[in-house]
Amino acid sequence: MSKINRIDTVPIPPKDADVLTTCCDYCIVGCGYKIYRWPLGKRGGIKANRNAFGKDLPIELDKGGWVAPNMHNVVSYKGKPHHVVVAPDADIKVVNKGGDHSIRGGAIAQKCYSPGTPTRDRLKHPQVRLNGQLRRISWDDAAEIFAAVSKYVIKKYGVHAWAQKMYSYQYFENTYALTKFALRNIGTPAFAWHDNPTVAPSVPGLRDAGIEKFSASYEDWYLADTLVIAGTDPFETKTIIWNEWIMKAIAEHQQKVICINPRKTTGVAFAEEKGGLHLQLTPGTATPLFMAIARVILENGWEDREWINKNTNTKWETDSGFGQGTRNTDWQWRTTWDKLQTKGFEDYKNWILSQKESKVEFAAKLSGIDADDIVYAAELMAKPREDGSRPKTSFGLEKGIYWSNNYTNTSSYASLGLLCGAGNRPGQMISRFGGHQRGGVKGGKYPIGKSPEKFGGRRRKPLDLDRWVQAGNVRFAYVVGTTWTGAMAASGELTDILLGHTRRNPHQPNEKDTGHIIDVLRKRVDSGGMVVVHQDIYPRTPIGTEIADLVLPAATWGECDFSRANGERRIRLYSKFYDPPGEAQPDWWIAAKMAKAMGFSGYDWKDSNDVFEEAARFTRGGVLNYQPLVKMAKRKGLKGHELLRSYGTTGIQGPIRLESGELVGTKRIHDSTLKLPETGPEKETVWPKWLTSFISQSGKANFIKSPWYLFEDFFNFIKPKGDELWVINGRINEIWQSTFDDVERRPYITQRFPENFIEINPVDAERLGIESGDYVKVTNDRIPVQVSGFYGRDVDDLLFDNLRKNGHIKFISAEVKAVAMVMEVPKEGVSFMYFLNPYQPANKLVPRVPDPLTNNYRYKLAVGKIEKIGESPYKHDFSTMTFKSRAII
C-alpha cells in the first residue's frame, strides 16, 4: 500500500475520547459543533463500539457525521499533545440541522494553534516597542506601563483623551469586562465599536419604528411566502441560513425570494431561477426604491389595513411617553423631530404620495431597475390573493443597505415592512440577518453627557472617535480585537494619522526599563502624540506590526470557556478544549489586570464563569437576558457555565424566562402569538413589553418618514463622474473578516485568493481594455473626509453641502491594486472588491463622512477609476485564481 499523505486521512477518535460541544466562531449563524479530543498514540476503530462517534465507518456523505481532514488538528491540552476533531453536530435539530456546515465552519479546527501549522505566528507574550522593534516583556511590566501612562493621560488631559476601540461581538465575558473598564470605571466618551466610529445602532430606522434588530428566528425566514433580502446574499455570507432555511423554503413551499443588491451572486441567481426576483439597484438608491414599492402598494390598496390599524401608532400614541426636555437620546430626538415622525398611517400615506422620489418613474431611473419589476416586487410582497388571503412576507436586511445610507434606508425599509403587516408574526418579521455573532454585554453605560458632539440644537450624540483622533484629542488608545485602521473609512489616511502620532513622533523608547519607557511615552503624550495598545491573537498589519507601542496576546475560541448568542439569540457555551499559546490570556483576564493596575476594584475573577455570572444582571430587560439561567444554576448548586453547557449545541434563545419552574427560551421578539402565563412572571423573570409588542410607549410600531434630501447632496457628489465606476465592497463565501484565519493561514484559500480582486462587468471591462487576470490600479482623487463639524445649530448644518461650504470637509486621494475578474456579477457601472484585505484594503477608497443623523459610515459607496497596469501571474496559470462567475448555480 502506498503511503497516504496526512492531509488525506483523519485519525478515528477512540471510544473513550473526550466529547465537548461548541459552535462555529465565524458568521452570525452559529452552527453547532462537537469536539472529540484524545491523546496522541491512541486510535479508535471503524466499528461503532470502537469509536467515539458510535457509528460504523465509513459514513455516507449525505447521512451526516462525515469527518473531513480539515476537521482534524493536533493541539496542546494540559501541556501534552492531543488529537482533536471539530465536526458539525450530526444530531442537532436547530440551526445547522443534521450537521450542515459552511466552507468556513467546516475548517474551523484549523483555527486552533498548532506550532507545525500556519498558526505558528500567534501572539504568545506581551511585547513593547523599543527602537521600533517589538520586544518581549512580562505581564506585570506591561500592566505597569499601561496603568502609568493611562493615569497620567487621564489626570492631565481628562477621560476624553483616553480612548477604547473594541469589537462589539466577541463573547459575553470579554465584552462585559472591557466595557466595565472603559465605560463604568474610566467613563470615557472616546469609545467606539469595531465597525463604526462611535456606538451608533446599526439599523436606527428599525429602532425608531419600534423593531428589535434581531427579532426574527431562523424559522421565520423559512415560513415566509415571500422573503425580501436586501443588501446581502445569505449564501455568500451566512451559508447555513440559506441552505437549511431559505433554500428549503424555495423547494418545499415555493417561497418567492426578492433579492435587492447590485450583484448577482450564487444565491441571487438561484432564487431568480426558482421564480424569485432580483432588483439589481445602483448603489445608494435603496431609499427611493423602497418608497416607490410602498407607493405602489398604497396606490393599489394592498396594504394590510386591518393589521396596521391594530398594530401601528396613531398621532396621539406616537407622541405619548416623551414628556419634555432636550431629547438627549438619539431615538427620542429623531422620532420627535418633525422631519421623520408621522402622525400615524394616514399621515405616512399622504407623505409617501407627496414625494417625487416615491414615483415609480423616478425610482426606476435613479436605481436602474425596470419600472415593471418595481411593481412586480410590490405584488409579491403585498397583493392579496383571489381568495382574499395575503402573502406572508418577511423582510431581512444587511450591510449593503445600512452601510450606504444608514438612516433613511433603514427607516424606509421598516415602513415598507409595516405596510405589509410584518414585524410580529411567524413568517412575517422585519430583522437583520446578521454578520458576526452577538456577544455584547455592556458593563457600563456610554457617558452621553460627556460627549462633545451634538446633533442640531442641544442634543448630544456619541462621539466620532476617528474624527476625535484626527483633531488631535486622543493621547492613549486601547485597541482590542480589531484592525481599526483597515476597517474604517478612508483607511489609508487614518493609518497615516496614527503613524504620525506614534512612530513619527520623536519620543521613542529605546531601553528595556519600565521607568524609561513610561517617561518617554509621557513625553510623547505631552508633545501631542499618542500611545497605542493593541490586543489580539495575531500580529495585525498595520495596527499591531507598525503602530502599537504595547502588544498584548489574547486567548480565543477553544482556549477558554466562553458564551454568546447567534442571529436568533440562541445562547450557548463555547467549550475550552486546548491550551492557549505561550502566555496568551482571554481578554477578560487582560482587562482585569489592567484595571487592577490602575487601582480599580471589582476584578477579582477566578475564571470566565465568574465574569459570566456577574454580567448576567446587566442583561436584564434585554433580548439576551440570561439571568434566570444563572439564578437557576445557583439554586441547583451549579455554575452558570455548567448549566448552559447542559443545553449543548441547542442552547436556549434569549431572553430566557422562567415558567412553571423551568427555563424557557424566546423564539421571536414582538411575537403577537406568544402566550405568557396569566399568573405573571416568576421570580427573576422579566417581561418587557416588547416580548409581545413593539418598542414604544404604546407597544405599537411607528411609521417613519425617509426624506431623500438628507442624503441627496452627498449622493450627488459621490456618484461616479467621467470614467469612474462605483467600487463597492463586502464579504465572500470563502473568506472571513480580515482574512486572519483563511487567506493568511489556509493554503487552499491562499491559493484561491492570493491577492485582493476586483469584479468588473464585461461592458465596463471592454471599454477600459481590461481582461480577467490583469493587474489594475483603482484610484480616487476626490475622497471626502470630515475633519471637524462636531455640532451644528440645526440638522441642515450637518448635511454634506453645508459641511463642505463651512470648511469641515477636506479631500484626499488613494489607490489600491487588485486582480481583475471580468464577470456578469456586478451590474454595469459597478465594481466589487473584498472589503478587509489587509494589504490592499478597499476601505482606502471609502469616503469618511458619516450619516449626519447616526454617525455611521457609508462603506459601500466608494468610487474610483480603474486602469490596467499589467498582467498578473494568475492570468494564464489555472493552478491558482479562477475567473469563473460567482453567479454559477
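These numbers come from a predicted model, not from an experiment.

Definitions and limits used
Residues numbered from 1 in each chain as written. Predicted model: local features only at pLDDT ≥ 70, side-chain atom pairs only at ≥ 80, totals over all residues. Heavy atoms only, no water. Helix = DSSP H or I, 4+ residues; strand = E, 2+ residues; numbered from the N terminus. Rg over C-alpha atoms; globule rule 2.2 N^0.38 Å. Contact = heavy atoms within 4.5 Å. Areas by Shrake-Rupley, 256 points an atom, 1.4 Å probe, with all protein chains shown as cover. Lys, Arg positive; Asp, Glu negative; His and termini not counted. Charge placed at Lys NZ, Arg CZ, Asp CG, Glu CD. Pairing = 2+ DSSP bridges. Axes fitted to C-alpha atoms, helices over the stretch in contact; angles between N-to-C directions. Expected span 1.5 Å × (residues − 1). Buried < 20%, exposed > 50% of the residue type's maximum accessible area, 1.4 Å probe, protein only. Salt bridge = Lys/Arg side-chain N within 4 Å of Asp/Glu carboxyl O. Core = buried A, V, L, I, M, F, W, Y, C linked by side-chain atoms within 4.5 Å. Phe/Tyr/Trp six-rings, centres within 6.5 Å; stacked < 30°, edge-to-face > 60°. Lys NZ or Arg CZ within 6 Å of the ring centre and 35° of its normal.

Chemist: I keep staring at the overall build of the protein chain and nothing clicks. Help me out?
Modeler: Within the protein chain one finds 28 helices and 27 strands. In terms of C-alpha radius of gyration, the protein chain reaches 27 Å, essentially the compact-globule figure of 29 Å for 889 residues. Projected onto its principal axes, the C-alpha positions of the protein chain cover 70 × 70 × 70 Å. Contacts spanning at least 24 positions in sequence make up 76% of the contacts within the protein chain whose residues lie at least 6 apart. Roughly 31,200 Å² of accessible area belongs to the protein chain as shown, and the carbon and sulfur atoms make up 49% of that amount. Across the protein chain, 122 positive and 102 negative side-chain charges occur, with their mean positions spaced 5 Å apart.

Chemist: How do you make sense of the sheet that holds strand E25 (residues 809-822) when you look at a structure like this?
Modeler: The pairing of strands in a sheet comes from backbone hydrogen bonds and takes either a parallel or an antiparallel form. Read once around its circumference, the closed barrel built from six strands follows the order E22-E26-E23-E25-E24-E27, with strand pairing classed as mixed. Looking at each pair of strands side by side, their axes are set apart by 45° on average, direction ignored. In terms of strand pairing, strand E22 (residues 725-730) meets strand E26 (residues 830-834) through five bridges, oriented parallel. Looking at E26, one finds that Gly-730 is bridged to Tyr-834. In the packing of helix H25 (residues 709-718) onto the sheet, contacts are made with E22, strand E24 (774-786), E25 and strand E27 (862-871), and the angle to E24 comes to roughly 145°.

Chemist: Would you take a moment to explain helix H16 (residues 406-419) for this structure?
Modeler: Along an α-helix, residues three or four apart share an orientation, since each turn contains 3.6 residues. Look at H16: 20 Å from first C-alpha to last across 14 residues, which is about the 20 Å you get at 1.5 Å a residue. Among the 14 residues in H16, 14 count as buried, and that is most of the element. Positioned one or two residues after H16, Gly-421 has a phi angle of 80°, which is positive.

Chemist: Would you take a moment to explain the pattern of salt bridges for this structure?
Modeler: One side chain can pair with another of opposite charge once the charged atoms of both are near each other. Scanning all chains against the criterion turns up 57 salt bridges. Of the charged contacts in the structure, one is a salt bridge between Asp-764 and Arg-767, with a shortest N-O distance of 3.6 Å. Residue Asp-764 and its partner Arg-767 are located together in helix H27 (residues 762-768), separated by three residues, close to a single helical turn. What makes Asp-764 buried here is its relative accessible area of 3%. Residue Arg-767 is classed as partly exposed on the basis of its relative accessible area of 45%. Three or more residues are tied together by salt bridges with common partners; here these are Glu-219, Asp-220, Lys-667, Arg-668 and Asp-671.

Chemist: Is there a simple way to think about the environment of Gly-621 in this case?
Modeler: If you trace the backbone, Gly-621 turns up in the loop between helix H22 (608-615) and helix H23 (627-635). Filtering out sequence-adjacent residues up to four positions away, Gly-621 remains in contact with Val-686, Pro-688 and Trp-690.

Chemist: What exactly am I supposed to notice about the pairing of strand E5 (residues 127-130) here?
Modeler: Sheet faces and side chains relate simply in a regular strand, where the side chains alternate between the two faces. Going residue by residue along E5, you find Gln-127 and Arg-129 tucked away on one face and Val-128 and Leu-130 tucked away on the opposite face as well. One ladder, built from four bridges, connects E5 with strand E6 (residues 133-136); its direction is antiparallel. Looking at E6, one finds that Arg-129 is bridged to Leu-134. Turn length for the E5-E6 hairpin, with the two strands adjacent in sequence and antiparallel, is two residues, and the turn residue Asn-131 shows positive phi of about 55°. The sheet contact formed by E5 and strand E16 (residues 550-553) spans two bridges and is antiparallel. The residue of E16 that forms the bridge with Gln-127 is Val-551.

Chemist: What exactly am I supposed to notice about the nonpolar core here?
Modeler: In globular proteins that are soluble, nonpolar side chains generally tend to be buried together. Ranked by size, the top nonpolar core spans 271 residues in total, and within it Phe-146, Phe-181, Ile-246, Ile-293, Met-381, Tyr-478 and Trp-484 carry the most contacts. Once residues lying within four places of it in the same chain are set aside, the contact partners of Ile-293 are Leu-279, Ile-374, Ala-377, Ala-378, Met-381 and Leu-416. Core analysis: the second largest hydrophobic core is formed by 13 residues, Trp-38, Phe-53, Ala-68 and Ala-87 among them.

Chemist: Looking at this structure, I do not really get the environment of Pro-841. What am I missing?
Modeler: One can find Pro-841 in the loop between E26 and E27. The buried category is assigned to Pro-841, whose relative accessible area is 11%. Not counting residues within four places of it along the chain, the set of residues in contact with Pro-841 comprises Ser-491 and Val-816.

Chemist: It is not clear to me how the sheet that holds strand E9 (residues 226-230) should be interpreted in this structure. Could you clarify?
Modeler: In space, the five strands of this open sheet follow the order E11-E10-E9-E12-E13, with parallel pairing throughout. Pairing within the sheet leaves two strands with one partner each, and these edge strands are strand E11 (277-279) and strand E13 (430-432). Across the sheet, the mean angle separating the axes of adjacent strands is 15° when strand polarity is ignored. As paired strands, strand E10 (residues 256-260) and E11 are joined by three bridges and run parallel to one another. The residue of E11 that forms the bridge with Ile-258 is Leu-277.

Chemist: Sorry if this is basic, but what is going on with the packing of aromatic side chains here?
Modeler: In this description, a pair of aromatic rings is defined by centroid distance and the angle of the planes. All told, the structure shown has 46 aromatic pairs when counted by the stated rule. Residues Trp-162 and Tyr-478 carry aromatic rings whose centres are separated by 6.4 Å and whose planes lie at 65° to one another, so their mutual orientation is edge-to-face. With Trp-162 in strand E7 (residues 162-166) and Tyr-478 in strand E14 (residues 476-480), this pair connects stretches of sequence that are 316 residues apart. For the residue pair Trp-162 and Tyr-478, the accessibility class agrees, reading buried in each case. On the numbers, 6.0 Å between centres and 40° between planes, the contact of Phe-711 with Phe-715 is tilted. Separated by four residues within a single helix, Phe-711 and Phe-715 lie in helix H25, roughly one turn from each other. For Phe-715, a relative accessible area of 4% translates into the label buried. Of the aromatic side chains, those joined through ring pairs into one cluster are Trp-708, Phe-711, Phe-714, Phe-715, Phe-717, Trp-726, Phe-800 and Phe-811. One cation-aromatic arrangement involves Lys-315 over Trp-316; the distance from NZ or CZ to the ring centre is 3.9 Å.

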